[in-house]
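Residues per chain are reported as follows:
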Amino acid sequence: MASSAVLARAAALRQEIERHNHAYYVLDAPTIPDAEYDRLFRELQALEAEHPEIVTSDSPTQRVGGRPLDAFPKVRHAVAMLSIRTETDTEASGARAFDARVRKELGLSDADPQVEYNAELKFDGLAVNLRYEGGVLVAAATRGDGETGEEVTQNVRTVHAIPLRLHTDAPPEVLEVRGEVFMRRDDFERYNAKQREAGKPTLVNPRNGAAGSIRQLDPKLAAQRPLSFFAYGLGEVLGWTHAPATHSATLDALEKLGVPVCPERRVCRGADELVAFHAEIAARRDTLPFDIDGVVYKVNRFDLQRELGFVTREPRWAVAHKYPAQEQLTVVEAIEVQVGRTGALTPVARLAPVFVGGVTVTNATLHNQDEIDRKDVRVGDTVIVRRAGDVIPEVVAVVIDRRPEPAPPRFDILQSYPACPECGSHVVRLEDEAAVRCTGGLYCPAQRKQALLHFAGRRAMDIEGLGDKLVDQLVDRGLVHTPADVYGLDLETLAGLDRMAEKSAANLLAAIDASKTTTLARFIFALGIRNVGEATAKDLARHFGSLDKLIAAKEDDLMAVRDVGPIVAQSIAQFFGEPHNLDVVRKLRDAGVNWAESAGVQQSAGILTGKTLVLTGTLPTLTREAAKDKIEAAGGKVAGSVSKKTDYVVAGVEAGSKLAKAQELGVAILDEAGLLALLEPHDAPGQRTLDF
Ligand code: D41
């Protein structure tokens, strides 16, 4: 008989699991990492297995898979979507145990040959069934509870990788393709960066991004999320002539039909080859472009699959062999800031050490104040941390239930760090900027170190051997304050540094000396001007040809350079407007840093040089690109939004808010004819502007 303590624990677990289920499936806002959820679920399963009399019909263990959202029509799968048994033993023994089980169930002895498997990746997304009739995608459904799923055809049609028609002249009558909709890591990062920029909510992780998008009620919103798809199997199949007899041949056939199949798959014979696949993929997990939570082994031959059958919805012929989880729970012990090269203060959560995605993590980025506000991360909070790929570990969400009592105060960077932790200078947050910045510039050691590292970088001055360990020492010992000081270092000083032998000191000195002869583009890039990357530096060098011309350039002159807009122009002008920066430049030249100068390749000043135009609406004859080309050919710039700095707005049919803004600001408005007249003043004397 179960004790009251067991009953109480089971009841508490059921309540907690159901709450997480609701948050995950209905609200799309997971409250705990999967691994933690699995732990709770397994604890309940174990309790119920030990005390079968306590099982209730509404226990979450009695439910298979997820609950379909009410808002989508439910569809019954023609063939049930099974689930896959997971091997939680992440070591090699997991693969061996599977092979041993399969052999035993097939009645094979040691003398019998190896069993053939197909090894593939286990994508972390949302399983869907795609139904093709006569080669045409007619319906798509989520897995749901395996029997009944949600009809998500519209949303699935927005996934570009999924063919709407199979690539064949002789399609099977019915072909159901099963696979995983997922989000690539780069698409996820890009989407989140865009959202953060716009102050909009970010996705918690790629899996949630995929699941949330497919189960998004508005297909237009779903369409904005970058999703991918890989097939892993079949559902109902009718009238497929020459249907393959193995799983690997099926995947090959699907690929030929235009269905995406992950190329990372391999036919393996016996346990050793499964172990090798598991290890090989584990080593490359971080460099794959998507998250996987394991690999999957499947008995390759369909006749053997049928012989093995399944138990409680899990085929005996397949297993998912997991990798360490990429999300874990831990506690925020402190929130500190890191000062970047540009002086931006990035908040960083110091965490109780936790093993995530194969490494121990003690820090996670919080990005900026807006992100802290949105996630409401406070010191003492229990949080979900994620580490996937080579991306910096990140706090994805707070487990509000576990916030200490009384609640710690909200965290505000400016309040906690009114002064830069590196140099004590004032810290400011500029309007319209997400970042909080130190105003210390070159006086701030953090910026000094990173400015030096950037300066010495391969694409900048290319001083080989001047890495972060050395820069730390040089700055910490007060030997180098600005990049110019690098050229004053001598052999004796360098040889006296930690981990510097005479030989390496001599090599470094030679590298420093060699870097003196450089190019103008490299030099401009090396200065670390905000918003001036390598490409812009090259454009500036080509355009001006000489550093003095660049220094003397006004913002308008700068904007005549390709791809230089008002923000970049302002950064450059501000940089050279700072006396201490000019001082550094002068000292660098005095030290012998040199490059070949030229007259510069300037576009002959056009009629629109220095002018900024904004295009809006559809023009009667010119495409947007053609209009832009014409404007740029005349020396003008095309900007995306209207401001006081806009000289003309060119408005076509269905011009919207940009036109209204132009009217509000009193910016001159042209139609297409007006633009053409402006570009060819001889043909049309006078300037035509529109009256509104
Ligand atoms: O990549 C996957 N997530 C994946 C999922 C895969 N590679 N293979 C799978 N195979 C199956 C069976 C063995 C039942 C055909 C699966 C899944 N199932 C699956 N995904 C979600 C529920 C079941």
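Just so it is clear, the model here is predicted, and its values are computed rather than measured. (Residues numbered from 1 in each chain as written. Predicted model: local features only at pLDDT ≥ 70, side-chain atom pairs only at ≥ 80, totals over all residues. Heavy atoms only, no water.)

**Quick notes on the overall build of the protein**
Helix and strand content of the protein: 26 helices and 26 strands. Across its three principal directions, the C-alpha atoms of the protein cover 85 × 70 × 55 Å. For the protein, the proportion of its 692 residues judged to be buried stands at 49%. Looking at the protein alone, contacts between residues at least 24 apart form 66% of all its contacts between residues at least 6 apart. Of the roughly 33200 Å² that the protein leaves accessible, carbon and sulfur atoms contribute 51%. Separation between the mean location of the 83 positive side-chain charges and that of the 99 negative ones in the protein comes to 1 Å. (Helix = DSSP H or I, 4+ residues; strand = E, 2+ residues; numbered from the N terminus. Buried < 20%, exposed > 50% of the residue type's maximum accessible area, 1.4 Å probe, protein only. Contact = heavy atoms within 4.5 Å. Areas by Shrake-Rupley, 256 points an atom, 1.4 Å probe, with all protein chains shown as cover. Lys, Arg positive; Asp, Glu negative; His and termini not counted. Charge placed at Lys NZ, Arg CZ, Asp CG, Glu CD.)

**Concerning the sheet that holds strand E8 (residues 228-238)**
What the 4 strands build is an open sheet, ordered E5-E4-E7-E8; its pairing is antiparallel. The sheet is open, and its two borders are formed by strand E5 (136-142) and E8, each paired with just one other strand. With strand direction ignored, the average angle separating the axes of adjacent strands in the sheet is 25°. Of the strands in this sheet, strand E4 (126-133), E5 and strand E7 (174-182) are in contact with helix H6 (residues 206-214), which crosses E7 at around 130°. Along the sheet, helix H8 (residues 247-256) contacts E7 and E8; its crossing angle with E8, the most-contacted strand, is approximately 110°. (Pairing = 2+ DSSP bridges. Axes fitted to C-alpha atoms, helices over the stretch in contact; angles between N-to-C directions.)

**Comments concerning the sheet that holds strand E25 (residues 648-651)**
The strand order E24-E23-E25-E26 describes an open sheet built from 4 strands, whose pairing is parallel. In the strand order of this sheet, the two ends are held by strand E24 (637-639) and strand E26 (668-670), each with one partner. Averaged over all pairs of adjacent strands, the angle between their axes in this sheet comes to 35°, without regard to strand direction. Alignment of E25 against E26, held across 3 bridges, turns out to be parallel.

**Focus: the site of the ligand**
With respect to spatial proximity, 16 residues lie near the ligand, and among them Glu120, Leu121, Phe123, Glu180 and Lys298 are the closest. Between the ligand and the protein, one listed contact pairs an oxygen atom with a backbone N or O atom of Phe123 at 2.9 Å. Expressed as a share of its isolated accessible area of 490 Å², the protein-covered part of the ligand is 88%. Here the shell around the ligand gets 4 residues from one element, more than from any other, and that element is strand E3 (residues 116-123). When the residues that make up the shell around the ligand are grouped by side-chain class, the tally is 10 nonpolar, 1 polar and 5 charged. (Near = heavy atom within 4 Å. Polar contact = N/O pair within 3.5 Å; in protein donor to acceptor, adjacent residues only side chain to side chain. Nonpolar A, V, L, I, M, F, W, Y, C, P; charged D, E, K, R; others polar.)

**Quick word on the environment of Ala10**
With respect to the secondary-structure elements, Ala10 resides in helix H1 (residues 4-26). Ala10 gets classed as buried once you look at its relative accessible area, which sits at 0%. Separated by 44 residues in the primary sequence, Ala10 and Ile54 place their C-alpha atoms 8.1 Å from one another. Once residues within four sequence positions are removed from consideration, Ala10 is found in contact with Leu44, Leu47 and Ile54.

**Considerations on H8**
Of the residues making up H8, those classed as buried are His247, Ser248, Thr250, Leu251, Ala253 and Leu254. Gly258 sits one or two residues past H8 and shows a positive phi near 90°.

**Section: the packing of aromatic side chains**
Counted according to the given criterion, the structure contains 12 aromatic pairs. Ring geometry for Phe123 and Phe230: centres 5.0 Å apart, planes at 40°, overall tilted. Placement of the pair is Phe123 in strand E3 and Phe230 in strand E8, with a sequence separation of 107 residues. Each member of the pair, Phe123 as well as Phe230, is classed as buried. Between Phe230 and Phe290, the aromatic rings sit 5.9 Å apart at their centres with planes inclined by 85°, giving edge-to-face as the arrangement. Note that Phe230 is positioned in strand E8 and Phe290 in the loop between helix H9 (270-284) and strand E10 (292-299), a separation of 60 residues in sequence. The exposure class of Phe230 is buried, given its relative accessible area of 14%. Three or more aromatic residues joined by ring pairs make a cluster, and in this case those are Phe123, Phe182, Phe230 and Phe290. (Phe/Tyr/Trp six-rings, centres within 6.5 Å; stacked < 30°, edge-to-face > 60°.)

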